[in-house]
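The lines below spell out each chain.
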Amino acid sequence: MKLLAVCFVIAALPVHGHVGSPDVFFEGNAGPYRLLITIRPPQVVPGVAEIEIRSASPDVRQIHIVPLRLGFKGAQFAPVPDVAQPSHEDPQFYTGALWLMATGSWQVRVDVDGAQGPGRISVPVPALATRVAGMQKAMAAILLPLALVLCFGLVSIAGAAVRDAMLDPGKRPDPARVRRARIVMAVTAVLVAVGLWFGNSWWNLEAGFYSRIIFKPLQLKASVDGGRLVLQLEDPGWLNRRTDDLLPDHNHLMHLYVIHVPEMDLVWHLHPERGADANFEQRLPPMPAGRYALYGDVVHANGLAETASGEIELPPTAGSPLIGDDAAGTGPPVANADYTRTSSPLARGYRMVWVRGEGKLRARQPYEFRFRLEDGQGKPADNVQLYMGMLGHAAFVSADRSVFAHVHPSGSVPMPAIELAQPENPHAGMAMQSGLPAEASFPYGFPKSGAYRIFVQMKRAGEIVTGVFDAQVEP
Amino acid sequence: MTPATASASASATASASEDRDRAPQNVPWYVWCSVAAVTFAMVGVHWDISWHRSIGRDTFWTPAHIAIHLCGVLAGISCGYLVLSTTFNPRSLLRDCSVWIWGFRGPLGAFIAAWGGIAMITSAPFDNWWHDAYGLDVKILSPPHMVLALGIFAVHAGALILILGQMNRATGALQERLQKMFLYVGGMTLVLLTVLQMEITSRILMHTAHFYYLVALVAPPVLAGVARASRFKWAATTVAGVYCGFVFLMGRILTLFPAEPKLGPVYHQVTQFTPPEFPLLLIVPALALDLIWRRTARWGTARQALVSGTVFLSVFAAVQWPFADFLASPEARNWLFGTKYFGYYVAQGSLMARFGFVGAEQGSAFWREAALALVAAICTSWLGLSWGNWMQRIRR
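So, how was this worked out
- Residues numbered from 1 in each chain as written.
- Chains lettered and ligands numbered in written order.
- Predicted model: local features only at pLDDT ≥ 70, side-chain atom pairs only at ≥ 80, totals over all residues.
- Heavy atoms only, no water.
- Pairing = 2+ DSSP bridges.
- Helix = DSSP H or I, 4+ residues; strand = E, 2+ residues; numbered from the N terminus.
- Axes fitted to C-alpha atoms, helices over the stretch in contact; angles between N-to-C directions.
- Contact = heavy atoms within 4.5 Å.
- Parallel < 35°, antiparallel > 145°, perpendicular 65-115°, else oblique.
- Left-handed = near helix turned anticlockwise from the far one by under 90°.
- Nonpolar A, V, L, I, M, F, W, Y, C, P; charged D, E, K, R; others polar.
- pLDDT = per-residue confidence, 0-100.
- Core = buried A, V, L, I, M, F, W, Y, C linked by side-chain atoms within 4.5 Å.
- Buried < 20%, exposed > 50% of the residue type's maximum accessible area, 1.4 Å probe, protein only.

Asker: I keep staring at the sheet that holds strand 20 (residues 343–345) of chain A and nothing clicks. Help me out?
Answerer: Sheets are built from strands that pair by backbone hydrogen bonding, the pairs being arranged parallel or antiparallel. All names here are of chain A. Taken in spatial order, the four strands of this open sheet run 20-21-23-27, and their pairing is antiparallel. In the strand order of this sheet, the two ends are held by strand 20 and strand 27 (439–444), each with one partner. Each strand axis lies, on average, 20° off the axis of its neighbour in the sheet, ignoring direction. Relative to strand 27, strand 23 (residues 367–374) is paired through six bridges, and the arrangement is antiparallel.

If you want it as C-alpha cells, here you go:
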C-alpha cells in the first residue's frame with residue numbers, strides 16, 4: 001500500500017551556508033606552512049571581513065591577504081594585498097580586514113613568506129548580507145536634534161532673507177516686509193516638509209533595494225511518498241540564484257542531516273539523490289514517529305554553500321537499511337546533557353573520546369575539536385578509513401536549533417568551494433588514504449553562547465560510527 | 001581695524017558709530033574663508049571620487065575626506081564667529097548691515113554657510129550609520145551623501161550671498177575684486193552641481209536626450225543667477241570657464257599621482273588616480289548666453305528665460321553631441337582628454353570600456369525627452385534670472 005504522509009514545513013531557519021554560523025574556519029597548508037584561518041564575513045555587503053590567521057610554524061615572516069571573486073567568469077586582477085598584522089603578544093597570530101564589495105562567492109588568498117620560502121592558500125568565503133541594522137537610540141538622539149536645527153534654521157533663514165537682507169544699512173523692516181517674510185517662512189516650512197517626505201521616500205526605496213539583497217536561504221519542503229523522503233528545494237527569491245547548478249560534494253549533491261527533535265537523541269547523515277523532477281529523494285531508514293529537523297547542505301556552481309532547512313513530522317517508518325555513505329547515530333536526550341562527558345560509547349566495545357582539555361568553551365573563539373576512536377582497551381582504534389574523503393565529519397547543532405554547522409577536518413568550507421579556490425591542488429582539504437590516525441580534528445568556533453550537541457562521524461573497518469557529545473558555551 | 005587708540009573714557013557708542021562709518025577697503029577675512037571653504041570642498045570631492053575609482057578603500061581620515069570636511073569646519077567656525085561677534089560686539093562694523101535670526105545677528109550669507117556647516121557635520125554620523133545598516137555604499141547619490149551635498153551647496157550659496165552683500169555695498173577696486181570672487185564661487189557652484197550628476201551624465205549617455213535634460217536642470221540656473229547678480233557682461237562665460245578650468249586641472253593633476261586598487265574585483269589595472277571625465281563644453285552655451293543677454297537686457301524675465309533656455313539647450317547639444325563622438329574616438333584616449341583612464345571596477349566588456357554609447361531614445365520618446373529638456377532649460381533659466389534679480393538687491 002502506498003503510504004502517503006503529509007509533510008509540514010514548519011519553519012525555515014534563517015542565515016546561510018550552515019545555519020546561524022556565518023564564520024569560516026579553515027585549516028590547511030600554505031606551501032610548507034600550516035595555518036588555521038578564521039574569516040568573519042561582514043553582515044552587510046559591501047562590508048569588511050575580519051581575518052585571523054594562526055600559523056603553526058614559527059618561521060613565518062610575513063602574510064599578505066587579498067580578496068578575489070570566486071567562480072567569476074572573466075578576467076579579473078588582484079587588488080594590492082594587505083599585510084596581515086602580527087599580534088604583539090603572539091607573533092604567530094596575524095589579523096587583517098578586507099572589504100568584500102559585492103554579494104556572492106569570494107575567496108581570500110593568503111600568501112605566506114617565511115624561512116621555508118613562499119606559500120599560498122585560498123579560502124572560500126561567502127559575502128551575504130544578513131541584516132539591516134536599526135538606528136541606535138544614541139544615534140537617533142544625535143541626529144534628531146541636528147535635523148530639527150536644520151529644518152527650523154532653513155525656515156528662519158528664508159524669513160530673514162526676505163525681511164532684512166535687502167534693507168540698506170541701519171534700516172528696520174516695515175510691517176509689509178515682516179508680513180511677506182512670514183508668508184515666505186510658511187511656504188518654506190511646507191517645502192521643507194515636502195523635502196523631508198521625499199527624503200523619507202527615497203530612504204525607504206533604498207532600504208527596499210537593500211532588503212532584496214539580504215540573503216534568503218533555500219527551504220526544504222519535505223514529504224514522504226512510499227517510504228521515500230521527497231525533498232523539494234524552495235527558493236524564496238533571492239537575486240538570480242538557481243537550484244539546478246549544484247556541485248557534487250564528496251560525490252553527493254546534498255548532505256542531509258536529519259535530527260530527531262527536540263530530544264536530538266537520533267541523527268542520520270543521508271545523501272538524497274536528485275530525481276528527474278529536480279526533487280531529491282531518499283529511502284528512509286527505520287525511524288520512530290516524531291518530529292525531525294532537516295538540514296540539507298548544497299553547493300552552487302560559484303562555490304557558494306548554503307544549508308536548506310525545514311522540519312517534518314513522520315509516522316513510524318519501517319524503512320530500509322542504510323547503504324553507502326549514509327549513517328546514523330544515537331545519544332542521550334539533550335535535556336539530559338552531561339557537559340562534562342568526553343566519551344561516547346560505540347558498538348562492539350569501541351568508543352569515541354573528545355580530547356577537549358579543561359578550559360571553558362567561549363563563543364566566537366576558534367578551536368581545534370579533537371576526537372579519537374578507541375578500542376575496548378582504550379587504545380587508538382586501528383583500521384581507520386576515510387569517510388567520504390575525510391577522516392571525519394562533524395555537525396555542531398545548538399540545542400535551540402538556531403545554529404547548525406557541518407564541519408570537516410579542513411574546516412567549515414565545503415570541498416567543491418575549496419576545489420574552485422585551489423584548482424592547482426585537487427586534493428586540498430582531503431586526507432590521504434594510507435596510514436590514517438584514529439584521531440580527527442575539526443576547526444570551528446561557536447557563534448554564540450548556549451548549549452550545543454556535537455555529532456562526530458568516523459569510519460573504521462567499513463563501519464561508520466557516530467559519537468554524540470554536548471558542550472556548554474560561555475559568552 | 002580695531003580702535004586701539006580709543007581712550008578708556010571715550011564712550012562706546014561714539015566709537016562704534018565711528019567704526020560703522022569706516023567702510024572696509026580690503027576683502028574681509030570671512031570672505032576669504034568662505035572662498036577657501038568652497039575650494040577645499042570641490043578639491044576634496046573630486047579627490048575622493050577619484051580615490052574611490054582608483055584605490056577604492058578609504059577611511060574617514062583620508063586627505064580627500066579631510067579636505068571636504070575642512071570646508072564645513074572652516075565655514076562653520078568662521079561664520080559662527082562672525083555671527084557671534086556681530087551679535088555681541090556693539091562696535092562691529094557689520095551690526096547695521098546684518099539680518100536677525102533666533103536672537104543672533106550677522107550677514108545673511110554667514111547664516112546660510114553656517115547652516116551648511118551644520119548639515120555637513122550632520123551627514124558624517126548619518127553616513128556612518130548608513131554604512132553600518134546598508135553596507136559601504138560607493139555611489140554618489142545616497143540620502144546621507146545628499147545631506148552632505150546640501151551642506152556643501154549651502155556653504156557655496158552662503159559664500160555667494162556673503163560676497164554679494166559686501167559687493168553691493170562696495171565701490172571701485174574693492175567691488176571689482178569682490179566681483180571676481182563672486183564669479184569664482186559661482187563657477188565652483190556649477191562644479192558642485194555637475195559633480196552630483198557625474199554618475200548619470202557620463203560619456204556613454206551623451207547621445208540620449210535625457211542627458212541634456214539632466215544638464216538643463218543644473219547649468220542654466222547657475223549661469224543665469226550668477227551672471228544677473230554679478231552685473232558683469234561676460235559673467236556666464238567666466239563661470240563656465242571656472243568650471244571647465246577647475247575640472248580639467250583636477251583631472252590632469254590627479255593623474256600625476258600613483259594609485260593602485262585596494263579593493264576587488266579589479267577589472268582594469270590602475271596605476272594612477274583616475275581623473276574625472278573631460279568637462280562638459282558648457283563654456284560655449286555660456287558665451288552664447290552672455291551675447292544674448294547683452295541684446296535682451298530690457299526684456300522681461302519670462303521672455304528672457306524663454307530665449308535663454310532655448311539658446312542654452314540648442315547650443316549645448318550642438319557642441320556636446322559631436323564632442324561625445326570625439327571623446328569616444330581613439331584620438332581622445334590620451335592624457336589630455338583622459339578617456340584612456342578607467343575606474344578599476346569598470347568591466348572590460350562594458351559600454352564605457354568599449355567606448356560605446358547608450359542608444360538614444362527611440363522615436364517619440366526621444367522628442368518627448370528633448371521637449372522636457374527644453375522646458376527644463378527655460379524653467380531653470382527663469383529661476384536663475386529671478387534668483388539673480390533677488391541677489392542684486394542683497395545688502396546684508
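Let's pick the thread back up.
Asker: Would you explain the environment of Leu 183 of chain B in this entry?
Answerer: Residue and element names in this part refer to chain B. Secondary-structure assignment places Leu 183 in helix 6 (residues 172–196). Taking the C-alpha atoms as reference points, Leu 183 and Ile 163, separated by 20 residues in sequence, lie 10.0 Å from one another. With near-sequence residues (within four places) excluded, Leu 183 lies in contact with Val 226, Ser 230, Phe 232, Ala 235, Thr 238, Val 239 and Val 242.

Asker: Explanation requested: the packing of helix 2 (residues 29–54) of chain B against helix 8 (residues 235–254) of chain B in the structure shown.
Answerer: For any two helices packed against each other, one specifies the crossing angle of their axes together with the interaxial distance. Residues and elements named next belong to chain B. Two elements in contact, helix 2 and helix 8, have axes whose closest approach is 11 Å; the angle formed by their N-to-C orientations is 45°. The angle between helix 2 and helix 8 places the two elements in the oblique class. Note that helix 2 runs across helix 8; the crossing there is right-handed. Listed contacts from helix 8 to Met 42, Val 43, His 46, Trp 47 and Ser 50 of helix 2 are Phe 246, Val 247, Met 250 and Leu 254. Taken together, the residues of the contact of helix 2 with helix 8 break down into seven nonpolar, two polar and no charged.

Asker: How should the packing of helix 7 (residues 209–230) of chain B against helix 8 of chain B be read in this particular structure?
Answerer: All names here are of chain B. Interaxial distance between helix 7 and helix 8 falls to 8 Å at its minimum, and their mutual angle equals 125°. Compared by their axis directions, helix 7 and helix 8 come out oblique. Taken as a pair, helix 7 and helix 8 cross one another with a handedness that is right-handed. Every residue of helix 8 that contacts helix 7 at Val 222, Leu 223, Val 226, Ala 227 and Ser 230 is listed here: Ala 235, Ala 236, Val 239 and Ala 240.

Asker: Honestly, the confidence of the model for chain A in this entry has me stumped. Any pointers?
Answerer: Note: predicted coordinates in regions of low pLDDT should not be interpreted at a detailed level. Here chain A averages 89 in pLDDT, while 94% of its residues score no lower than 70. Low pLDDT, under 50, characterises residues 1–16 of chain A; the predicted model gives this stretch 42 contacts beyond four residues in sequence or across chains.

Asker: It is not clear to me how the nonpolar core should be interpreted in this structure. Could you clarify?
Answerer: Note on soluble globular proteins: their nonpolar side chains tend to be buried together. The biggest cluster of nonpolar side chains holds 119 residues, and the ones touching the most others in it are Met 42, Leu 108, Ile 152, Phe 182, Leu 223 and Leu 282 of chain B. Dropping the residues within four chain positions of it, Phe 182 of chain B is found in contact with Leu 160, Ile 163, Leu 164, Met 167, Val 226, Ala 229, Ser 230 and Met 391 of chain B. One finds Phe 26, Val 112 and Ala 127 of chain A together with Phe 126 of chain B within the second-largest nonpolar core, a separate group that totals 44 residues.

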